[in-house]
Amino acid sequence: MSTIRLGDIAPNFTAQSTEGEINFHEWLGDRWAILFSHPADYTPVCTTELGAVAKYKAEFDKRNVKVVALSVDGLDSHKEWIKDINETQNTTVNFPIIADEDRKVAMLYDMIHPNADNQLTVRSVFVIGSDKKVKLTITYPASTGRNFDELLRVIDSLQLTAYYKVATPANWNNGDDCVIVPAVSNEEIPAMFPKGHTEVKPYLRMTPQPNLD
Ligand code: BEZ
């Protein structure tokens, strides 16, 4: 078991998936990614989650984000369950699901929390940047399905920070003003943020979202 912290390089692994063997770092290439675990195949909340992710594929693609799911069930189970997901969620699963029967990846990413369940993975989420560094981790219990709109919101925020040196304030949503990060000096602002800025306090400088027309 290892603890994975923000800024760490996402540990590499090789695993079987519904789309063939994956060497994680090769699979990532130079794209962003989400690696997320679910407790088990043929369970109700997981069925809705994987269906939801399939429907969001275009949104992940738009953000240059690949998606891969994982549970400790086997490949045959995943492949049969996908038929149920497609049927009941009215979609087509369009991303790989890792079959982690020996729990190798689950242990590497600390996805089994024994005081919750000592066999099954919790609902872990890892957002990984194009530099292969872990940008975000979230953990949900088995009983709570994830909010994938929130995940898209967080990815938008992470990418704004990576590409434009802005942070996002409380309850920010796409289109709202952003915070200029403290590492940017006042002298640098006009060239970096031509849309202008407002200095609410010397440490709180707001600017319109830089990547919008
Ligand atoms: C579910 O996906 O519905 C689920 C899985 C494990 C425990 C509770 C719920």
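Just above sits the structure.
Residues numbered from 1 in each chain as written. Predicted model: local features only at pLDDT ≥ 70, side-chain atom pairs only at ≥ 80, totals over all residues. Heavy atoms only, no water.

## Considerations on the nonpolar core
Step number 1: Core analysis: the largest hydrophobic core is formed by 26 residues, its most contacted members being I34, F36, L50, F60, F95 and V127.
Step number 2: For this core, the secondary-structure elements that each account for two or more residues are strand 3 (32–37), helix 2 (44–55), strand 4 (65–71), helix 4 (75–89), strand 6 (123–128) and helix 6 (148–164).
Step number 3: At six residues, helix 6 tops the list of elements feeding residues into this core.
Step number 4: Dropping the residues within four chain positions of it, V127 is found in contact with W32, A33, I34, K133, V134, K135, L136, I155 and L158. (Core = buried A, V, L, I, M, F, W, Y, C linked by side-chain atoms within 4.5 Å. Buried < 20%, exposed > 50% of the residue type's maximum accessible area, 1.4 Å probe, protein only. Helix = DSSP H or I, 4+ residues; strand = E, 2+ residues; numbered from the N terminus. Contact = heavy atoms within 4.5 Å.)

## Brief notes about the side chain of Q89
Step number 1: Residue position: Q89 is located in helix 4.
Step number 2: Q89 gets classed as buried once you look at its relative accessible area, which sits at 17%.
Step number 3: Once you skip the residues sitting within four places of it in the chain, Q89 turns out to touch T47, T48, G51, K55 and D84.

## Brief notes about the site of the ligand
Step number 1: Surveying the vicinity of the ligand reveals the residues P39, T43, P44, V45, C46, R123 and A142.
Step number 2: Residue P44 places a main-chain N or O atom 3.2 Å away from an oxygen atom belonging to the ligand.
Step number 3: Within the side chain of R123, an N or O atom sits 3.0 Å from an oxygen atom of the ligand.
Step number 4: Protein coverage of the free-state accessible area of the ligand, which is 260 Å², stands at 74%.
Step number 5: A per-element tally of the shell around the ligand places helix 2 first, with three residues.
Step number 6: Along the lines of polarity and charge, the residues of the shell around the ligand split into five nonpolar, one polar and one charged. (Near = heavy atom within 4 Å. Polar contact = N/O pair within 3.5 Å; in protein donor to acceptor, adjacent residues only side chain to side chain. Areas by Shrake-Rupley, 256 points an atom, 1.4 Å probe, with all protein chains shown as cover. Nonpolar A, V, L, I, M, F, W, Y, C, P; charged D, E, K, R; others polar.)

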